[in-house]
Amino acid sequence: PFPSYGEYFEQYTLTGGVLEDLQVPTTVITAADDPVVPVDDFYDLPEIDKLELLVQPHGGHCGFLDQLPFGCWYEGVIAELLAGNGCVR
């Protein structure tokens, strides 16, 4: 439904103060080696009380794979966060 990729990306770009009024704890998981979304963009986010940033050294754009047992690393992190245990990784 978007006439250009620029308009597509504008729809979910977190710029300006869109995160300043977070009412619930929010965790963003990203990777330093993401070829699509530069990690520096995340480091430029303002410090927000309800926002936690987890930057992993590797994971690409959507990787975060565990070798054994094979699966997605972030699934365990999300389960821990939802259980109220905080993030232990």
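Structure: above.
Here the structure is a predicted model, which means the values were calculated and not measured.

### Observations concerning the environment of Phe2
1) Next: Tracing the backbone shows Phe2 in the segment before α1 (5–10).
2) Next: The residues contacting Phe2, other than those within four sequence positions of it, are Glu7, Tyr8 and Gln11.

### Description of the side chain of Asp34
1) Next: Among the secondary structure elements, Asp34 is positioned in the loop between β1 (26–31) and α2 (39–43).
2) Next: A relative accessible area of 10% places Asp34 in the buried class.
3) Next: A distance of 2.7 Å separates the side chain of Asp34 from the backbone nitrogen of Val36, its partner in a polar contact.
4) Next: Within the local environment of Asp34, its side chain forms a polar contact with the side chain of His61, the two groups lying 3.0 Å apart.
5) Next: Each residue touching Asp34, except ones within four places of it in the same chain, is listed here: Gly60 and His61.

### Quick look at the environment of Trp73
1) Next: Relative to the assigned elements, Trp73 resides in helix α3 (residues 73–82).
2) Next: Sequence separation between Trp73 and Gly59 is 14 residues, and the spatial gap between their C-alpha atoms is 9.3 Å.

So, how was this worked out
- Residues numbered from 1 in each chain as written.
- Predicted model: local features only at pLDDT ≥ 70, side-chain atom pairs only at ≥ 80, totals over all residues.
- Heavy atoms only, no water.
- Helix = DSSP H or I, 4+ residues; strand = E, 2+ residues; numbered from the N terminus.
- Contact = heavy atoms within 4.5 Å.
- Buried < 20%, exposed > 50% of the residue type's maximum accessible area, 1.4 Å probe, protein only.
- Polar contact = N/O pair within 3.5 Å; in protein donor to acceptor, adjacent residues only side chain to side chain.

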